[in-house]
Amino acid sequence: MATYLPFEEKLKEIEDEIASARVRGDTEAIVILEKDLEKELGKVYKNLSDYQKLQLARHPDRPYALDYVRRLMHDAVEIHGDRTYRDDPAIICYLGYIEDQKCVVIGEQKGRGTKNKLKRNFGMPHPEGYRKALRAAKLAEKFKLPILMLIDTPGAYPGLGAEERGQSEAIARNLLELSRLNTATVSVVIGEGGSGGALAIGVADRLAMMRYSIFSVISPEGCAAILWNDPSKVEQATKALKITPDELLKMGLIDDIVDEPLMGAHRDKEAAAVAVGDYFLSQVSALKEMDEETRLQKRYEKLMGFGAFLEPEKKK
């Protein structure tokens, strides 16, 4: 059964009426209702607020990293463990093919259902998860394989054990190592990009976001609690944080926006997977045309350009 968000109630009503008309065999009503649905879709999804986009990014039916792996990859083998402590199920790593391109895919996995969410720690990696991701990235570098990184996390796990095992060091190490990794890298935010938990697999030659994804330094709820001590200010915080793809592209913090179905990736997972796969293959093709020195230099320039600003001219 489809899950509808509060702003989708009108769509639910029309879709329920279409289902009822199909049961009755009323083809005339179906045609009229489908036109109404198309009109309502344009009205709702072409005028989404930042908070509504946040809700779509967190939609419980939205495809997770494993959904993309299963739809995009073939002859895939999973890579487990960091060779130091344990295997972290919140990070998944696969070696295989996307079409004819041999590659490594690294992703953050939230899990569905209570049992699986607990197993995946709600998509919040421990330090060993980031160390596993780096091990897979180094493997890709050794064999000159391009890497696709799928970002989807509320943030790195802040628990005591994670801190004892060096959470901040693991994230910092990934930022350093991925910045100088000598192979083509593409990172895509497929849902939530939360703070350092997202950055740890977000340093790449190309960083893109899906249309209904978000990338933030803190959750809007956390921002509202800190700034106003008022959870009702979450919509205001979402707008102020500028966490949507359009805003981040405008500021030069991401390279591209990957389109997804108008009603969201959760409504058409196949089309969403095709969009991500096509983007990855096109970017890898473009990156392969550069020599290694040029590609690394462009990556360096991009990373060093973050946070740059121009001083306003002084009036004479």
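Summarised in this report is the structure supplied together with it.

Overview of the pattern of salt bridges
Pairs may arise between side chains of opposite charge once their charged atoms sit close together. Enumeration over the complete set of coordinates arrives at 26 salt bridges. A salt bridge links arginine 22 to glutamate 34; the shortest N-O distance between them is 3.1 Å. With arginine 22 in helix H1 (residues 9–24) and glutamate 34 in helix H2 (residues 27–45), this pair connects stretches of sequence that are 12 residues apart. Overall, glutamate 34 belongs to the partly exposed group, its relative accessible area being 37%. A salt bridge links lysine 53 to aspartate 246; the shortest N-O distance between them is 3.7 Å. Of this pair, lysine 53 sits in helix H3 (residues 50–57) while aspartate 246 sits in helix H12 (residues 245–250), and the two are 193 residues apart along the sequence. Note on lysine 53: relative accessible area 14%, which makes it buried. Residue classification places aspartate 246 among the partly exposed positions, given a relative accessible area of 46%. Through salt bridges that share partners, Arg131, Lys138, Glu141, Glu169, Arg173, Glu177 and Arg180 make up one connected network.

A few points about helix H11 (residues 234–241)
Listed in full, the buried residues belonging to H11 are Val234, Ala237 and Thr238. Taken down its axis, H11 places every buried residue within 100° of arc, on the same side. In this structure, H11 carries Lys239 and Ala240 as exposed residues pointing more than 90 degrees from its buried face. On its buried face, H11 sits against H3 and helix H10 (220–227).

Digging into the environment of leucine 66
Inspection of the secondary structure puts leucine 66 in helix H4 (residues 65–72). The exposure class assigned to leucine 66 is buried, which follows from its relative accessible area of 7%. Leucine 66 has contacts with Ile92, Tyr94, Gln109 and Arg120, leaving out every residue within four places of it along the chain.

Considerations on a negative patch on the surface
On the surface, Glu9, Glu13, Glu17 and Asp36 cluster together to form a negatively charged patch. In terms of residue count, the dominant contributor to the negative patch is H1 (3 residues). By the element assignment, glutamate 13 lies in helix H1.

Describing the packing of aromatic side chains
Applying the stated rule across the entire model yields 2 aromatic pairs. Ring centres 6.3 Å apart and planes at 75° place the aromatic pair phenylalanine 7 and tyrosine 45 in the edge-to-face group. Of this pair, phenylalanine 7 sits in the segment before H1 while tyrosine 45 sits in helix H2; the two residues are 38 residues apart in sequence, bridging distant segments of the chain. Here phenylalanine 7 matches tyrosine 45 in class, with each residue buried. Joined through ring pairs, the aromatic side chains of Phe7, Tyr45 and Tyr212 make up one cluster. The ring centre of tyrosine 64 lies 4.0 Å from the NZ or CZ of arginine 112, which sits over that ring.

Brief notes about a nonpolar patch on the surface
A surface patch of nonpolar side chains, about 250 Å² in accessible area, is lined by Leu95, Leu139 and Phe143. Mapped onto the fold, phenylalanine 143 is located in the loop between helix H6 (127–142) and strand E4 (147–153).

Parameters and conventions
Residues numbered from 1 in each chain as written. Predicted model: local features only at pLDDT ≥ 70, side-chain atom pairs only at ≥ 80, totals over all residues. Heavy atoms only, no water. Salt bridge = Lys/Arg side-chain N within 4 Å of Asp/Glu carboxyl O. Helix = DSSP H or I, 4+ residues; strand = E, 2+ residues; numbered from the N terminus. Buried < 20%, exposed > 50% of the residue type's maximum accessible area, 1.4 Å probe, protein only. Arc of directions from axis to C-beta. Contact = heavy atoms within 4.5 Å. Patch = residues over 30% accessible without salt bridge, like charges linked within 9 Å, V, L, I, M, F, W, Y side chains within 5 Å. Areas by Shrake-Rupley, 256 points an atom, 1.4 Å probe, with all protein chains shown as cover. Lys, Arg positive; Asp, Glu negative; His and termini not counted. Charge placed at Lys NZ, Arg CZ, Asp CG, Glu CD. Phe/Tyr/Trp six-rings, centres within 6.5 Å; stacked < 30°, edge-to-face > 60°. Lys NZ or Arg CZ within 6 Å of the ring centre and 35° of its normal.

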